[in-house]
Amino acid sequence: MIWAAACLLAAMAMTCQAQGKTQVFILMGQSNMLGEGAIGPDNKNGSLGFAVKTEHKYQYLWDKTNNSWAVRDDVRYVFTMGSGNASFEKSQLLHNEWMTVTGKTIGPELGIGNFVGNYSKEKVMILKGCIGNRALGWDLLPPGSEEYDYTDSKGNKWTYAGYHDSPEKWPKGTPPKPMGWFAGEQYDGDTERMGVILSNFTTYMPGETDYEVAGFFWWQGDRDRYDTGLSSRYEKNLVQLITTLRKQFNAPSAKFVIATLGQTPMNATGNEGMIIDAMFNVANGTKYPQFKGNVATVYSHPLSMGGSSAAHYGGNAETYMNIGQAMGDAMVNLLKEDELHNNYYH
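Presented here is a report on the structure given in the accompanying data block. It should be emphasised that the depicted structure is a prediction, and the values quoted were computed from it without experimental measurement.

## Concerning the overall build of the chain
Helix and strand counts for the chain come out as 10 helices and 14 strands. For 346 residues, the compact-globule estimate of 2.2 N^0.38 gives 20 Å, and the chain sits close to it at 21 Å. Once local pairs closer than 6 in sequence are excluded, the contacts in the chain between residues at least 24 apart make up 71%. A total of about 15200 Å² of accessible surface is found on the chain, and carbon and sulfur atoms cover 53% of it. Side chains of the chain give 29 positive and 35 negative charges; the mean places of these two sets differ by 2 Å.

Now the structure itself:
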């Protein structure tokens, strides 16, 4: 009995995190993840300033002592953006600071960062790499994705590009005519640019030298919903994305959180229905045993303040905060489950 208690105490002292390593969370997607939530003006309903200062929401963002936006010295926010596979040097480093409210717009990173930051026993880096108007089935297509055929509603047969093919699609049985862009070009660029940051970790995470990729966040789907061929393939592409990102970033145990498009309700039909179904399916541990307990999907529709993904939810900052918080909470729950499992079996 005493031995069992001692073992339990020792196990409880262990966590799912590697001690001393900064926990890196990678954010990817398109314009939803990029973020168009307005910070100001403070007197405009829907802005972050109005939500925090007038409606008194998200109070962890405000430093009452200094009467200014709070700064977290344990959560670093780094955001790199480039078109396609442009080099890091030719891309933009839009954020590189301890997490705070700055600039003109926000994405879900503030909600995500505060939730995982509060949970983590180590420092955290929120590392974002994305740009708007990109499809998972084309621009963000991960390595290993193969060509496939699709017949549209008019009976036309198409061949869709596999990784590094061009163009996006072409009539089946005809030779493709490459254009100045190829499948996966944005995937290559986003992952390579984030790789540069991780390869120079101390430069972007002052005082820290070691890290592990603890999780991925994915908020995307708008571009794919305009093409039924892409929508019908979304689930397969999402499975490939999760698998490939974990392998590429040497993070086989990293958790993965997906958010649905805010305007899409449960039981939707058509292209949006296929996409939301795909997002929930990959988080179904019965259908995908390899993802059981390590992939979660956030239903964004009840969290959205209105508008659509194409219109960036009208720039309403609360939509981005609400969905970011829900994504962060989902990640923490996955990490907690992993920690409980490790504590029990160690």
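Read on for the rest.
## Describing helix H8 (residues 234-248)
For H8, with 15 residues, the first-to-last C-alpha span of 20 Å sits near the 21 Å given by 1.5 Å per residue. Residues of H8 that are buried: Tyr234, Glu235, Asn237, Leu238, Val239, Leu241, Ile242, Thr244, Leu245 and Arg246.

## Topic: the nonpolar core
Phe25, Leu48, Leu61, Ile126, Phe217 and Met327 are the most contacted members of the largest nonpolar core, which totals 47 residues. Residue contributions to this core peak at 11 residues, all from helix H10 (residues 317-345). Beyond its immediate chain neighbours, meaning those up to four positions away, Phe25 contacts Val116, Val124, Met125, Ile126, Leu127, Ala214, Gly215, Phe217, Met331 and Leu335. Residues Phe216, Val239, Met279 and Val295 belong to the second largest nonpolar core, which totals 37 residues.

## As for the side chain of Asn316
Checked against the element boundaries, Asn316 lands in the loop between strand S14 (295-298) and H10. For Asn316, a relative accessible area of 16% gives the class buried. Those residues in contact with Asn316 that sit more than four places away from it in its chain are Gly37, Gly46 and Met305.

## Let's talk about the sheet that holds strand S1 (residues 22-29)
Strand pairs in the sheet, formed through backbone hydrogen bonds, run parallel or antiparallel to each other. Read across the sheet, 7 strands follow the order S6-S5-S8-S1-S12-S13-S14 without closing on themselves; strand pairing throughout is mixed. Each having just a single partner strand, strand S6 (92-98) and S14 make up the two edges of the open sheet. Ignoring strand direction, the axes of neighbouring strands in this sheet form an average angle of 15°. The sheet contact formed by strand S12 (residues 211-219) and strand S13 (residues 255-259) spans 5 bridges and is parallel. Counted as the bridge partner of Trp219 is Ala259 from S13. Its contacts with the sheet put helix H4 (residues 109-119) on S1, strand S5 (75-81), strand S8 (124-129) and S12, and the angle it makes with S8 is roughly 155°. Against the sheet, H8 makes contact with S1, S12, S13 and S14, and its axis sits at roughly 145° relative to S13, the strand it touches most.

## So, the pattern of salt bridges
Under the defined criterion, the tally for this structure stands at 13 salt bridges. Of the charged contacts in the structure, one is a salt bridge between Lys57 and Glu55, with a shortest N-O distance of 3.7 Å. Classification of Lys57 as partly exposed rests on a relative accessible area of 31%. Residue class for Glu55 comes out partly exposed when judged on its relative accessible area of 32%. Where Arg223 meets Glu168, a salt bridge forms, and the shortest distance between an N and an O atom there is 3.0 Å. Separated by 55 residues along the polypeptide, Arg223 in the loop between S12 and helix H7 (228-231) and Glu168 in the loop between strand S10 (157-160) and strand S11 (169-171) bring together distant segments of the chain. For the pair formed by Arg223 and Glu168, the shared burial category is buried. Overlapping salt bridges, with partners in common, bring together Glu55, Lys57 and Glu318 in one network.

## Considering the sheet that holds S11
If you walk across this open sheet you meet the 3 strands as S9-S10-S11, and the pairing is antiparallel. Since the sheet does not close on itself, it has two edges, and those belong to strand S9 (148-151) and S11, each with one partner. Strand-to-strand, the axes of this sheet are offset by a mean angle of 35°, without reference to chain direction. In this structure, S9 lies alongside S10, joined through 4 bridges in antiparallel fashion. Following the sheet pairing, Asp149 is matched in S10 by Thr159.

## Topic: unusual backbone geometry
Trans peptide bonds make up the majority, and among non-glycine residues the majority have a negative phi. With an omega of 0°, the peptide bond running from Gly40 to Pro41 counts as cis. Note that Pro41 resides in the loop between strand S2 (37-38) and helix H3 (48-53). Of note, the amide linkage connecting Ser166 to Pro167 takes the cis form, showing an omega dihedral of 5°. Positive phi is not limited to glycine here, since Asn67 has a value of about 55°. In this fold, Asn67 is placed in the loop between strand S3 (62-63) and strand S4 (68-69). A relative accessible area of 58% places Asn67 in the exposed class. A positive phi angle, close to 60°, is found at Asn133, a residue other than glycine.

What counts and how
- Residues numbered from 1 in each chain as written.
- Predicted model: local features only at pLDDT ≥ 70, side-chain atom pairs only at ≥ 80, totals over all residues.
- Heavy atoms only, no water.
- Helix = DSSP H or I, 4+ residues; strand = E, 2+ residues; numbered from the N terminus.
- Rg over C-alpha atoms; globule rule 2.2 N^0.38 Å.
- Contact = heavy atoms within 4.5 Å.
- Areas by Shrake-Rupley, 256 points an atom, 1.4 Å probe, with all protein chains shown as cover.
- Lys, Arg positive; Asp, Glu negative; His and termini not counted.
- Charge placed at Lys NZ, Arg CZ, Asp CG, Glu CD.
- Expected span 1.5 Å × (residues − 1).
- Buried < 20%, exposed > 50% of the residue type's maximum accessible area, 1.4 Å probe, protein only.
- Core = buried A, V, L, I, M, F, W, Y, C linked by side-chain atoms within 4.5 Å.
- Pairing = 2+ DSSP bridges.
- Axes fitted to C-alpha atoms, helices over the stretch in contact; angles between N-to-C directions.
- Salt bridge = Lys/Arg side-chain N within 4 Å of Asp/Glu carboxyl O.

Everything listed is a geometric property; what it means functionally is a separate question.
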